[in-house]
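# A structural walkthrough
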Amino acid sequence: MAAEIGGIDRTDALAKLRDEGFVVLRALLPDAQLAAARDHANDLLRGQAWSDNDFDGRRTRRVYSLLSRVGALEPLLLHPEVHRLVTAQLGEVYQFGMLFLSAVDPAQGAQPLHFDAGVYPLPREVEAETNVIWALDDFTASNGATLIVPGSHRWAAGRRPQPQELVPAVMPAGSALVYSGRLWHAAGRNSAETTRRALICEHVLPWLRPADNHILATGVDVLRSLAPGLRRLAGVAPATDYLGFVAGQDPEQWLRQIASG
Ligand SMILES: O=C(O)CCC(=O)C(=O)O
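Residues numbered from 1 in each chain as written. Predicted model: local features only at pLDDT ≥ 70, side-chain atom pairs only at ≥ 80, totals over all residues. Heavy atoms only, no water.

## With respect to unusual backbone geometry
When glycine is set aside, most residues are seen to have a negative phi, and most peptide bonds are trans. So the rule is basically this: Helix numbers and strand numbers start at the N terminus; a helix is a DSSP run of H or I with at least 4 residues, a strand a run of E with at least 2.
Backbone geometry places Ala27, a non-glycine residue, at a positive phi of 45°. Structurally, the position occupied by Ala27 is in the loop between strand S3 (22-25) and helix H2 (31-45). For Ser65, which is not glycine, the phi dihedral falls at a positive 50°. Here Ser65 shows up in the loop between strand S4 (60-63) and helix H3 (74-77).

## Quick look at H2
Heads up, the condition is: A helix's residues, less one, multiplied by 1.5 Å, set its expected span. We call a residue buried when its accessible area falls under 20% of the maximum for its residue type, exposed when it is over 50%, and partly exposed in between, using a 1.4 Å probe and counting protein chains only. The directions considered for the arc run from the helix axis to the C-beta atoms. What makes two residues a contact is simply this: any of their non-hydrogen atoms within 4.5 Å.
Between its first and last C-alpha atoms H2 spans 21 Å; for 15 residues at 1.5 Å apiece the expected length is 21 Å, and the two agree. Along H2, the residues that are buried comprise Leu34, Ala37, His40, Ala41, Leu44 and Leu45. Mapping the buried residues of H2 onto a view down its axis gives an arc of 130°, with all of them on the same face. Turned more than 90 degrees away from the buried face of H2, the exposed residues are Asp31, Ala32 and Asp39. Buried residues belonging to H2 abut S4, H3, strand S5 (95-104), strand S6 (129-135) and strand S11 (196-204). Immediately downstream of H2, the backbone of Gly47 shows phi near 85°, a positive value.

## Focus: the packing of aromatic side chains
Within a pair of aromatic rings, the relevant descriptors are the distance that separates the centres and the angle that separates the planes. Let me state the cut-off plainly: A pair of aromatic rings is counted whenever rings of Phe, Tyr or Trp (Trp by its six-membered ring) have centres within 6.5 Å, and the orientation is called stacked for planes under 30 degrees apart, edge-to-face for over 60 and tilted otherwise. For a Lys NZ or an Arg CZ to count as sitting over a ring, it must be within 6 Å of the ring centre and within 35 degrees of the ring normal.
A full pass over the atoms with the stated rule returns two aromatic pairs. On the numbers, 5.2 Å between centres and 35° between planes, the contact of Tyr64 with Phe100 is tilted. Residue Tyr64 is located in the loop between S4 and H3, and its partner Phe100 is located in strand S5; the two are separated by 36 residues in the primary sequence. Between Phe115 and Trp184 the ring centres are 5.3 Å apart and the planes differ by 65°, which places this aromatic pair in the edge-to-face class. Taken as a pair, Phe115 in the loop between S5 and S6 and Trp184 in the loop between strand S9 (176-180) and strand S10 (185-186) lie far apart in primary sequence, 69 residues in all. Looking at Arg159, its charged tip hangs above the ring of Trp155, at a distance of 3.8 Å from the centre. Note that Arg232 overlies the ring of Tyr94, its terminal NZ or CZ placed 5.1 Å from the centroid.

## Notes on the site of the ligand
Note the following rule: In these notes, residues near a molecule or strand are those with any non-hydrogen atom within 4 Å of it. Identification of polar contacts relies on pairs of N or O atoms within 3.5 Å, with a donor-acceptor requirement for protein atoms, meaning one able to donate a hydrogen and the other able to accept it, and with residues adjacent in sequence counted only if both atoms are side-chain atoms. Calculation of accessible area relied on Shrake-Rupley with a 1.4 Å probe; when residues are assessed, cover is drawn exclusively from the protein chains displayed. Cavities and pockets were defined on a 1 Å grid built from protein atoms only: a cavity is a group of points that admits a 1.4 Å probe but offers it no way out, a pocket is an open group of points flanked by protein on both sides within 12 Å along at least five of seven lines, and a lining residue is one with an atom within 4 Å of any such point. Should more than half of a molecule's atoms lie within 2 Å of a pocket's or cavity's grid points, that molecule is taken to sit in it. Residues are grouped as follows: nonpolar covers Ala, Val, Leu, Ile, Met, Phe, Trp, Tyr, Cys and Pro; charged covers Asp, Glu, Lys and Arg; every other residue, Gly included, is treated as polar.
Neighbouring the ligand are Arg62, Phe100, Gln111, His114, Asp116, Ile133, Thr146, His185, Ala187, Arg196 and Ile200. His185 places a polar side-chain atom, nitrogen or oxygen, 2.8 Å from an oxygen atom of the ligand. Calculation on the ligand without its partners gives an accessible area of 290 Å², and the protein chains cover 97% of this total. Judged by the proximity of its atoms to the pocket grid, the ligand belongs to the second largest pocket. Looking at the shell around the ligand residue by residue, the classes come out as four nonpolar, four polar and three charged.

Here it is as structure tokens:
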């Protein structure tokens, strides 16, 4: 029998991601891992102010610079099934783009529709990013489940979604919505009485400047203490021999060298 993951056969998951621009891997996290991730997210979100602009959401709390305090989010950031899909789309070497916790509080209106790779001046057909939204709460049609436009990753530049084309990505907590950086989407309106929390993680081709400067935000000492997979995704891994070196050396070798004085 074919291997199934998150309620879908592995081969079908990749085919769906390519055909429709997204796939939901349902209830991927064991209960204990989800509970620990939620507790850690709560610690990080506590006391965080609402964002100060309409795109991020004036009733949405966002926490960035997660690599310096990754804690129980690590298994989500390194989840093998997510990375199997991302690798199939982007190749072996890629890096984090935006990486943040998002808590969409009650009365937050829907976010402006966008596609994440829109920050890059690239032709629409380039798959520059493959991203994941981890549901830390159940995503429902009323609490702000991400609104997606299936198939819109194939749209030509200039086409805009119509309201009837939006579909809420309803999924239980612990699920992963993996989607193309070309897919039109937005956080939905939260008309429920509870907060909708998510961990949002972009993966970007290694020769693009990532949205967030993870190396500066994390710092050399913490970078050195991270799991090698996270360090690679922070952007430490070179894209090729001549793209991403430090002082003429592989960055991993350089980190070991400065550690030993
Ligand atoms: O929170 C969501 O469901 C999506 C957020 C998003 O797409 C963004 O902020 O870029």
